[in-house]
Amino acid sequence: MYSGIECISLNRSFGNPPLEVLKTIDFKIPKGQFVSITGRSGSGKSTLLYAMSGLDKITSGKVLFSGESIHEMPENKLNQFRNFKMGFVFQFHYLLPEITVLENVLMPARKTNLHKAKEAEARKILEDFSLSHCVDKLPGQISGGESQRVSIARALIMQPEYIFADEPTGNLDSVNGEKVLALFQKVNKDYGTTVVIVTHDMGYAKLAQRTIALTDGRIESDTLN
Ligand SMILES: Nc1ncnc2c1ncn2[C@@H]1O[C@H](COP(=O)(O)OP(=O)(O)O)[C@@H](O)[C@H]1O
Ligand SMILES: [Mg+2]
């Protein structure tokens, strides 16, 4: 059994007549790898990230996580699988404005009533991310770069095996963008988390161990950096 993610003949189309957005995508990501997915706007990067993480449906093909076919799981099992094994980071941090940074980081743990048990861990992650000064602040009281780092801390609180990030630097200046990339490198190295980030910025893409480039819904290149 392969340990990691396998995308097998993945197709995704939308509408009728169907617009084919992902066209027979095949690749494997071994556990512990840090991969970037790059390509122009509209090339299918977000669609691929959502398809491979089970956030969205596929039209045909399979996605296996250590041999388990996620798109064939019943909805509740897929939700549970995602909550325990995957963390997500988006272009917008989506922190809840009325609760503190610490409480935001603990939100994924709250779903399964683990927020008390995870509090020390949340403080530790925030400290590791140089965010101790933000713990008791509200999201409106911290900067954009800090907010994005908090959203990465939130994605890590359940100690996921996989992190998926869609344009996580999209709203940041280059100093904060580099900090966010450095954080993904750290998470990958320190916790052995498999990291998949989507970015249209080749400079950031090259900081991953491997870059998969999409053109018009197909893999154009797949290279080690
Ligand atoms: N829900 C949807 N319905 C119809 N078309 C979609 C949908 N999502 C994405 N697309 C189309 O798929 C293509 C790729 O989109 P996307 O994956 O968002 O690209 P990228 O993230 O690389 O910019 C675009 O042409 C987009 O319009
Ligand atoms: Mg996109």
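Everything that follows concerns the structure shown earlier in this document.
If you're wondering where the values come from, they're calculated on a predicted model, not measured in any experiment.

(A) Inspection of the site of ligand 1 at higher detail. Taken together, the neighbourhood of ligand 1 is formed by Phe14, Val21, Arg40, Ser41, Gly42, Ser43, Gly44, Lys45, Ser46 and Thr47. At 2.7 Å from an oxygen atom of ligand 1 is found a main-chain nitrogen or oxygen belonging to Gly42. In this structure, Thr47 approaches ligand 1 through a side-chain N or O atom, which is 2.5 Å from an oxygen atom. For ligand 1, the protein covers 56% of the area, taking 560 Å² as the surface of the free molecule. The leading source of residues in the shell around ligand 1 is helix 1 (residues 45–53), at 3 residues. Residues of the shell around ligand 1, tallied by class, amount to 2 nonpolar, 6 polar and 2 charged.

(B) Structural view of unusual backbone geometry. In this structure, the amide linkage connecting Asn16 to the following residue, Pro17, adopts the cis form with an omega of 5°. Note that Pro17 resides in the loop between strand 1 (4–14) and strand 2 (19–30). One non-glycine residue with positive phi stands out, namely Tyr94, at about 50°. The residue Tyr94 is located in the loop between strand 6 (86–89) and helix 3 (101–105) in this model. Judged by relative accessible area, which is 54%, Tyr94 ranks as exposed. Of note, Ser130 is a non-glycine position whose phi angle comes to about 55°, a positive value. Locating Ser130 in the fold gives a position in the loop between helix 5 (119–128) and helix 6 (144–156).

(C) Structural detail: the pattern of salt bridges. Applying the stated rule across the entire model yields 11 salt bridges. One salt bridge connects Glu72 with Lys62, and the closest N-O pair in it is separated by 2.8 Å. Note that Glu72 is positioned in the loop between strand 5 (68–69) and helix 2 (75–85) and Lys62 in strand 4 (residues 60–65), a separation of 10 residues in sequence. Residue Glu72 is classed as exposed on the basis of its relative accessible area, which comes to 54%. Linking Glu119 and Arg123 is a salt bridge whose minimum nitrogen-to-oxygen distance equals 3.1 Å. Here Glu119 pairs with Arg123, and both are found in helix 5, just 4 residues apart, close to one helical turn. Through salt bridges with shared partners, one network takes in Lys31, Lys85 and Glu161.

Basis of the calculations
Residues numbered from 1 in each chain as written. Chains lettered and ligands numbered in written order. Predicted model: local features only at pLDDT ≥ 70, side-chain atom pairs only at ≥ 80, totals over all residues. Heavy atoms only, no water. Near = heavy atom within 4 Å. Polar contact = N/O pair within 3.5 Å; in protein donor to acceptor, adjacent residues only side chain to side chain. Areas by Shrake-Rupley, 256 points an atom, 1.4 Å probe, with all protein chains shown as cover. Helix = DSSP H or I, 4+ residues; strand = E, 2+ residues; numbered from the N terminus. Nonpolar A, V, L, I, M, F, W, Y, C, P; charged D, E, K, R; others polar. Buried < 20%, exposed > 50% of the residue type's maximum accessible area, 1.4 Å probe, protein only. Salt bridge = Lys/Arg side-chain N within 4 Å of Asp/Glu carboxyl O.

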